[in-house]
Amino acid sequence: MPELIQSSKVSTITKTNDFVVKFANVNGSGSASANSMFAKAVFRMGIPISPHNIFPSNIQGLPTWYEVRISEQGYLGRRGGVDLIVAMNEQTIGKDIASVVPGGYVLYDSSKMLANELLRDDVTYLPIPLKDICLTEFEKPAQRQLFKNIVYVGALSAFLNIDFKVLTGLVGDQFRGKEKLILPNIHALELGHHYASDNFECPLTLRLEKSNKNSNKILMDGNTAIGLGSVYGGATIAAWYPLTPSTSVVDSFGKYCKRLRIDPGTGKKKYSIVQAEDELAAIGIAIGAGWNGARAFTATSGPGISLMQEFLGLAYFSEVPIVLFNIQRVGPSTGMPTRSQQGDLLCCAYASHGDTKHVLLLPSTPKECFEFAADAFDLADRIQSPVIVMSDLELGMNEQICDPLNWDDKRLYDRGKVLTADQLEEIEKYGRYLDTDGDGIPYRTYPGTHPEKGSYFTRGSSHDSYAAYTEDGTVYAEVMDRLALKMRTAVNYLPEPEVSETTTNKLAMLYIGTTASAVNEVLDNLAKKGITMDTMRVRAFPFHDSVAEFIENHELVYIIEQNRDAQLKSLLKIECNTHEEKMHSILSYDGVLITAQFIEQSILESMQKLDASGEVPA
């Protein structure tokens, strides 16, 4: 029986369905599926979870972490601090043990003795000889490495009171069609469970109890939702160049196309996925497809956005619909390819040289990723311009709890202002860039619609209303004014902000995207301190008038964003002409999801400083 390393000074934390478990592994060790199994088991017990995969940009050998926030109250942001660490990486074990809160637990592989300097007197150690167990039970070296991860999941099932039947059910689901793998994996789970049960008092003071908080909820990542949403949105062309963390968008699109885009009569594909030689070619292919009447998209991240700037300007000025999914990562340059940020707002809002402006959609959940992806194709066709959906790595590559995805089978695609051959017959002279409705949006035709009428040059150079080249400055200015009007018209079709507003609060928070995961927890924590705030989550750019009104209606608005240079605040200043003194930035840009603790502490520190200067609203 192992010796439980525990100081007499330790007072273990006691929590049910409200703690953080973190796995520290080596990339390429096969731990990802085991860690995901743990998270899904908790989810299937009806307990809300929020997993966060923090992984390196190499294929194998560097540290990786998988953090699971378990919260009966449904707080799905990162909390900060760890209650139980599964410390499997010798490179980072010191840092990993240090991250555990006082009274927490450290599960480690006791096949090798733990160094004295790693011993803390305020945590409890759970030594399990994982390597030795696997050496005894499994013959193949590869099995020993992989099953070591499954063994610690089995041990956690005893430590935390996970329903073992849920785990075995997950194994059956994961290896359906590969039945030879089911029994060895269940055996590995049993090894861990039996060892923990026989050698420790189980469950720990951290424990799980079945709940029903996940009723009618699903687990999904944003990139998968975007891929599926693109299929439902009518996309038939995807042109791309692989780039982390956007690659799985096209992978997902292809997977669903194989199920939903195959002609039942002939078996032929009704879609095309083109891997281009670079990002410039990818967006060029998508623009060509959009010009020809197809619904087309490309997916990329920051470095790809940088390369696509000129083509985005072409699509804007020549008025070709295209959808671009930007799964943001840390920049500038190569930055940290496998870390998350909201650092592309300014470069996407005004992408390309000259006076350009683009529609941005800002989802915060996988469900919104699905909905905004589908809506983006309608919107791009409607306004004949690029639409950029701004996700990020945190949302794109991590599974999240969300409501089920819904689709109205009666929904028809909105192709916007497209003239048929019959309609062209009734027009004496067709003007491709002629605004006849006063909304800034002209009428277009698909190539080959009419044998004589409807032809025009699609121009990225200066042109008049009839697509004829011109260097007349007055005519050019008229076209630019119309494009500005079109962007104002586009606002009418964009998702409105989500607002929680009263008539009494003078303080407020304004935010976008994945920052939303922490806001409810921040509000509850501040309320306990007697501080109440209104909130607004902006879901699209250009901004609705209500955004400026929200800022004007409050004396102090905290703009919370995940970048260094306050890009959202800059957009608000440029577009809304708001009073800068009303807006205070809270900025997080370390590459991982912002935490509720960081936001709360930043607000309290800011209020303390303002209070000292007499500037806090009474």
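Scoring rules and cut-offs
- Residues numbered from 1 in each chain as written.
- Predicted model: local features only at pLDDT ≥ 70, side-chain atom pairs only at ≥ 80, totals over all residues.
- Heavy atoms only, no water.
- Helix = DSSP H or I, 4+ residues; strand = E, 2+ residues; numbered from the N terminus.
- Rg over C-alpha atoms; globule rule 2.2 N^0.38 Å.
- Buried < 20%, exposed > 50% of the residue type's maximum accessible area, 1.4 Å probe, protein only.
- Areas by Shrake-Rupley, 256 points an atom, 1.4 Å probe, with all protein chains shown as cover.
- Domains from an automatic or database assignment.
- Core = buried A, V, L, I, M, F, W, Y, C linked by side-chain atoms within 4.5 Å.
- Contact = heavy atoms within 4.5 Å.
- Pairing = 2+ DSSP bridges.
- Right-handed = clockwise from strand over helix to strand, strands pointing away.
- Phe/Tyr/Trp six-rings, centres within 6.5 Å; stacked < 30°, edge-to-face > 60°.
- Lys NZ or Arg CZ within 6 Å of the ring centre and 35° of its normal.
- Disulfide = S-S within 2.5 Å.
- Axes fitted to C-alpha atoms, helices over the stretch in contact; angles between N-to-C directions.
- Parallel < 35°, antiparallel > 145°, perpendicular 65-115°, else oblique.
- Left-handed = near helix turned anticlockwise from the far one by under 90°.
- Nonpolar A, V, L, I, M, F, W, Y, C, P; charged D, E, K, R; others polar.
- Patch = residues over 30% accessible without salt bridge, like charges linked within 9 Å, V, L, I, M, F, W, Y side chains within 5 Å.
- Salt bridge = Lys/Arg side-chain N within 4 Å of Asp/Glu carboxyl O.
- Lys, Arg positive; Asp, Glu negative; His and termini not counted.
- Charge placed at Lys NZ, Arg CZ, Asp CG, Glu CD.
- Polar contact = N/O pair within 3.5 Å; in protein donor to acceptor, adjacent residues only side chain to side chain.

Chemist: When you look at the overall build of the chain in this model, what are you seeing that I'm missing?
Modeler: Looking only at helices and strands, one finds 20 helices and 22 strands in the chain. Its C-alpha radius of gyration of 27 Å places the chain within 12% of the 25 Å reference for a compact globule of 618 residues. By the burial criterion, 55% of the 618 residues in the chain qualify as buried. Carbon and sulfur atoms make up 50% of the accessible area of the chain, which amounts to about 26400 Å² in all.

Chemist: Would you take a moment to explain the environment of G438 for this structure?
Modeler: Structurally, the position occupied by G438 is in the loop between α15 (421-425) and α16 (473-490). On the basis of relative accessible area, G438 is assigned to the exposed category, the value being 53%. Remark: the alpha-carbon pair of G438 and R539, spanning 101 residues in sequence, is separated by 26 Å.

Chemist: What is the right way to read the environment of V522 from this model?
Modeler: Residue placement: V522 occurs in helix α17 (residues 516-528). Along the backbone, V522 and V387 are 135 residues apart, and their C-alpha atoms lie at a distance of 32 Å.

Chemist: What should I look at first to understand the domain arrangement of the chain in this one?
Modeler: Interface size is commonly expressed as the accessible surface area that is lost when the partners come together. Taken domain by domain, the chain holds domain 1 (2-207), domain 2 (220-402), domain 3 (421-476) and domain 4 (498-612). The distance between the C-alpha centroids of domain 1 and domain 3 comes to 63 Å.

Chemist: Looking at this model, I keep getting lost on the nonpolar core. Mind explaining?
Modeler: Ranked by size, the top nonpolar core spans 57 residues in total, and within it F38, I70, F159 and L160 carry the most contacts. Per-element tally for this core: the top contributor is helix α4 (residues 141-160), with 10 residues. If we skip the residues at most four places from it in the chain, F38 touches V21, F23, V68, I70, L156, L160 and I162. Of all hydrophobic cores here, the second largest spans 39 residues; its members include M536, F541, F543 and F550.

Chemist: What is the right way to read the pairing of strand β18 (residues 507-511) from this model?
Modeler: Across a regular strand the side chains alternate sides, sitting on one face of the sheet and then on the other. Counting buried residues along β18, 5 of its 5 residues qualify, which places the element largely inside the surrounding structure. Burial along β18 is two-sided: the residues L507, M509 and Y511 and A508 and L510 are all buried. Pairing of β18 with strand β21 (residues 556-561), which is carried by 5 bridges, proceeds in the parallel orientation. Its bridge partner lying in β21, Y511 is registered against I560. As judged from the 4 bridges shared by β18 and strand β19 (residues 534-537), these two strands associate in the parallel manner. Each bridged residue has a counterpart across the sheet, and for M509 the counterpart in β19 is T535. Of the crossover connections in this fold, the one passing from β18 over α17 to the parallel β19 is right-handed.

Chemist: It is not clear to me how the packing of aromatic side chains should be interpreted in this structure. Could you clarify?
Modeler: Centre distance and the angle of the planes are the two values used to describe a pair of aromatic rings. In total, this model carries 17 aromatic pairs according to the counting rule given. When the centroid spacing of 5.4 Å and the interplanar angle of 75° are considered together, the rings of F297 and F325 count as edge-to-face. Taken together, the residues span a long stretch of sequence, with F297 in strand β12 (residues 296-300) and F325 in strand β13 (residues 322-328) at a distance of 28 residues. Note on accessibility: F297 and F325 belong to one class, buried. Put simply, the rings of F23, F38, Y66 and Y152 touch in pairs and so form one group of aromatic residues. Directly above the ring of Y493 sits R382, whose terminal nitrogen or CZ lies 4.5 Å from the centroid. Geometry around Y466 places K429 over its ring, the cationic atom sitting 4.3 Å from the centre.

Chemist: Looking at this model, I keep getting lost on the state of the cysteines. Mind explaining?
Modeler: Should the sulfur atoms of two cysteines be covalently bonded, the bond is a disulfide. Enumeration according to the criterion identifies 0 disulfides in this entry. Here C347 stays unpaired: no disulfide links it, and the sulfur of C348, its closest cysteine neighbor, is 4.2 Å away. Unpaired in this structure, C369 has its nearest cysteine sulfur neighbour in C402, at a distance of 9.1 Å.

Chemist: I tried to follow the packing of helix α1 (residues 31-44) against α4 on my own but got confused; where do I start?
Modeler: Angle between the axes and distance between the axes: these two values describe a pair of packed helices. It is the contact of α1 with α4, at a shortest axis distance of 9 Å, that shows an interaxial angle of 20°. Comparing the axis directions of α1 and α4 gives the class roughly parallel. α4 is crossed by α1, and the crossing has right-handed handedness. On α4, the residues touching S31, A34, N35, M37 and F38 of α1 are N149, I150, Y152, V153, L156 and L160. A class-by-class count of the residues in the contact of α1 with α4 yields 8 nonpolar, 3 polar and no charged.

Chemist: Help me understand the side chain of S606, please; the structure alone is not making it clear to me.
Modeler: Assignment of secondary structure puts S606 in helix α20 (residues 596-612). According to the relative accessible area criterion, S606 is buried, its value standing at 15%. In contact with S606, not counting residues within four places along its chain, are Y558 and H584.

Chemist: So what exactly am I meant to see when it comes to the sheet that holds strand β11 (residues 272-275) here?
Modeler: In sheet architecture, strand pairing relies on hydrogen bonds along the backbone and comes in two forms, parallel and antiparallel. Strand order in this open sheet of 7 strands is β11-β10-β12-β13-β15-β14-β20, and the pairing throughout is mixed. Both edges of this open sheet fall to β11 and β20 (540-541), since each of them pairs with a single strand only.

Chemist: What should I look at first to understand the pairing of strand β10 (residues 237-240) in this one?
Modeler: Neither face of β10 is left uncovered, since the one carrying I237 and A239 and the one carrying A238 and W240 both have all their residues buried. Examined bridge by bridge, β10 and β11 share 4 bridges and lie parallel to one another. Considered in β11, the bridge of W240 is made with Q275. This β-α-β element, β10 to helix α8 (residues 247-260) to β11, shows right-handed connectivity. Summarising the sheet, β10 and β12 pair through 2 bridges and their orientation is parallel.

Chemist: Teacher, can you tell me more about a negative patch on the surface here?
Modeler: There is a patch of like negative charges on the surface, built from D422, E425, E426 and E452. Summarising the element assignment, E452 is placed in the loop between α15 and α16.

Chemist: So what exactly am I meant to see when it comes to helix α7 (residues 222-232) here?
Modeler: For the α-helix, the turn length of 3.6 residues means that residues three or four positions removed from each other point alike. Counting buried positions along α7 gives 10 out of 11 residues, so the element sits mostly inside the fold. Turning to α7, its buried residues are G222, N223, T224, A225, I226, G227, L228, G229, S230 and V231. The opening residue of α7, the one whose side-chain oxygen lies 3.1 Å from the backbone nitrogen of N223, is D221. G234, located one to two residues past α7, shows a positive phi value of around 95°.

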